[in-house]
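# Overview (structure and organization)
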Amino acid sequence: MDNKIIVTYGIDARKMTKEVLESAKLADMIPKDARIGIKPNLVVAKPASTGATTSPVMVEALIEYLQEHGFKNILILEGSWVGDSTKRAFRVCGYEDVSRKYGVPLFDTKSDTYTVKSCSGINMEISDKALEMDFLINMPVLKGHCQTMVTGALKNLKGCLSDSEKRHFHTLGLHKPIACLSKILPQHFILVDGLCGDLDFEEGGNPVQMDRIFCGTDPVLIDSYIASSMGYAPTDIDYIKLAANLGVGSLDVDHAEIVVLNKDTTTARPTSSRKVQNLARYTAPKDACSACYANLIQALARLDDKRLLDKFRNSPVLIGQGYKDQKCGGIGVGNCTKGADHSIGGCPPATPAILSFLEQHAADMGRKR
Ligand code: SF4
């Protein structure tokens, strides 16, 4: 399924996880008696609701799926960032409970031994336990990052390095070493937590309810899809380009096969994030589905980066089922707002389409002034 990404929307993380795994036929990909490593994102000791870490419910659902298919040799491995303790993260993020419930051990890569591996002139210390795994299942969170703009499958492997190597990556500017790491350490399956990721920071604080889970086998394609879900072109992100150049995968998300199992039916919920609340001031939602609304919020964040947001101060963007079959004027996003003066279709429309529609509209408003 290298060119395929399987997506589902909703709020029932356990059911959604099992749906995408069944559809992907993950069990058929794993060799019998393989040592399976599950690599979540526990960068800091904060619960998944902050937008920083992988949902333990998704990990539970993955373990249940694997055990139901006869796989017994499973390990959860992670090393939090330099400033935090992995053991604390395991406890705070609910992974100690997962480990007890399913008899799956937790492994802190900070206390491992390391082997130095090389790629394109960069040497790096990689956890021996991570290298021992026969089948690595990567579980990143769809979220922003203050330096690399997005973080996903490729960057999540940083948790398999020694702490001194993590520091070294930063001195090298992150992008090239991240790409090289993905060349050295293969990941065999990627299951992305897109339920609630942060808008800007890997450590959370501005969670956006995205209500989606997706999976695939090509980490470059998965990260390209993540980038586009956040309103970036994959080529905007250097480490994605570099990993593609190293032959790790494809960034051609426009030609990927995107299989959507379930459309979103949940209504967008209020957020605690000040930044998301500020962006929401430029919207006029009426019963908006959460995935649709999240795509609009991501597009507005990119408009803010380009200093175009103010154009919508007096003309907030209409969105939601409350506008269905209504002559509502203004600017609308999604099929429900067909009755607006200007609208973009889709159910839900994708972030890049919303972004280019709003950019075009901002340019038209500029010309009229
Ligand atoms: S277009 Fe309407 S029905 Fe479709 S996702 Fe958006 S709000 Fe929901």
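The structure contained in this document is the topic of the report that follows. (Residues numbered from 1 in each chain as written. Predicted model: local features only at pLDDT ≥ 70, side-chain atom pairs only at ≥ 80, totals over all residues. Heavy atoms only, no water.)

### Looking at the overall build of the protein chain
Along the backbone of the protein chain there are 14 helices and 16 strands. With the principal axes as the frame, the protein chain shows a C-alpha extent of 65 × 45 × 35 Å. Partitioning the contacts of the protein chain with sequence separation of at least 6, the portion at a separation of at least 24 is 71%. Looking at the protein chain as shown, the accessible area adds up to about 14700 Å², and 49% of this sits on carbon and sulfur atoms. If the 44 positive side-chain charges of the protein chain are averaged to one point and the 43 negative ones to another, these points end up 4 Å apart. (Helix = DSSP H or I, 4+ residues; strand = E, 2+ residues; numbered from the N terminus. Contact = heavy atoms within 4.5 Å. Areas by Shrake-Rupley, 256 points an atom, 1.4 Å probe, with all protein chains shown as cover. Lys, Arg positive; Asp, Glu negative; His and termini not counted. Charge placed at Lys NZ, Arg CZ, Asp CG, Glu CD.)

### Concerning the sheet that holds strand S14 (residues 317–319)
Across the sheet, which stays open at both edges, the four strands sit in the order S13-S14-S15-S16 with parallel pairing between neighbours. Among the strands making up the open sheet, the edge pair consists of strand S13 (283–285) and strand S16 (342–344). When the angles between neighbouring strand axes are averaged without regard to direction, this sheet yields 25°. Note that S14 and strand S15 (residues 331–333) share two bridges and pair parallel. The residue of S15 that forms the bridge with Leu-318 is Gly-332. (Pairing = 2+ DSSP bridges. Axes fitted to C-alpha atoms, helices over the stretch in contact; angles between N-to-C directions.)

### So, the packing of helix H9 (residues 175–184) against helix H11 (residues 238–245)
Packing of H9 against H11 leaves a shortest axis separation of 8 Å and a crossing angle of 40°. The orientation of H9 relative to H11 falls into the category oblique. When the axes of H9 and H11 are compared, the crossing they make is right-handed. Packed against H9, whose contacting residues are His-175, Lys-176, Ile-178, Ala-179 and Ser-182, the element H11 presents Asp-238, Tyr-239, Leu-242 and Ala-243 at the interface. (Parallel < 35°, antiparallel > 145°, perpendicular 65-115°, else oblique. Left-handed = near helix turned anticlockwise from the far one by under 90°.)

### What about H11?
Because an α-helix packs 3.6 residues into every turn, residues spaced three or four apart end up facing the same way. Listing the buried residues of H11 in full gives Tyr-239, Ile-240, Ala-243 and Ala-244. For H11, the angular spread of the buried residues around the axis is 140°, confining them to a single face. Among the structural elements, strand S9 (149–151), helix H7 (153–156), H9 and helix H10 (219–229) are those in contact with the buried residues of H11. One or two residues past the end of H11 sits Gly-247, with phi positive at roughly 85°. (Buried < 20%, exposed > 50% of the residue type's maximum accessible area, 1.4 Å probe, protein only. Arc of directions from axis to C-beta.)

### Observations regarding unusual backbone geometry
Residue Pro-348 follows Cys-347 across a cis peptide bond; omega there is 0°. Within the secondary structure, Pro-348 is located in the loop between S16 and helix H14 (351–368). Despite not being glycine, Asp-211 shows a phi value in the positive range, around 50°. With a relative accessible area of 1%, Asp-211 lands in the buried category. With a phi close to 55°, Arg-307 is a non-glycine residue in the positive phi region. Here Arg-307 lies in the loop between helix H13 (290–305) and S14.

### Examining the site of the ligand
Near the ligand, the surroundings consist of Cys-289, Cys-292, Gly-320, Gln-321, Gly-334, Asn-335, Cys-336, Gly-346, Cys-347 and Pro-348. When grouped by side-chain class, the residues that make up the shell around the ligand number five nonpolar, five polar and no charged. (Near = heavy atom within 4 Å. Nonpolar A, V, L, I, M, F, W, Y, C, P; charged D, E, K, R; others polar.)

### A closer look at the packing of helix H1 (residues 13–24) against helix H3 (residues 56–68)
With their axes 8 Å apart at the nearest point, H1 and H3 run at an angle of 45° to one another. Compared by their axis directions, H1 and H3 come out oblique. Pair H1 / H3 crosses with right-handed handedness. Each of Ala-13, Arg-14, Thr-17, Lys-18, Leu-21 and Glu-22 in H1 lies in contact with H3, whose residues at this interface are Val-57, Met-58, Glu-60, Ala-61, Leu-62, Glu-64, Tyr-65 and Glu-68.

### With respect to the pattern of salt bridges
Scanning all chains against the criterion turns up 19 salt bridges. Between Asp-84 and Arg-88 there is a salt bridge, with its nearest N and O atoms 3.3 Å apart. Look at Asp-84 and you get buried, because its relative accessible area is 12%. A salt bridge links Lys-241 to Asp-238; its shortest N-O distance comes to 3.5 Å. With Lys-241 and Asp-238 both in helix H11 and three residues apart, the pair spans about one turn of that helix. Here Lys-241 falls in the partly exposed class, since its relative accessible area comes to 32%. Three or more residues are tied together by salt bridges with common partners; here these are Arg-14, Lys-18, Glu-60, Glu-64, Glu-68 and Lys-101. (Salt bridge = Lys/Arg side-chain N within 4 Å of Asp/Glu carboxyl O.)

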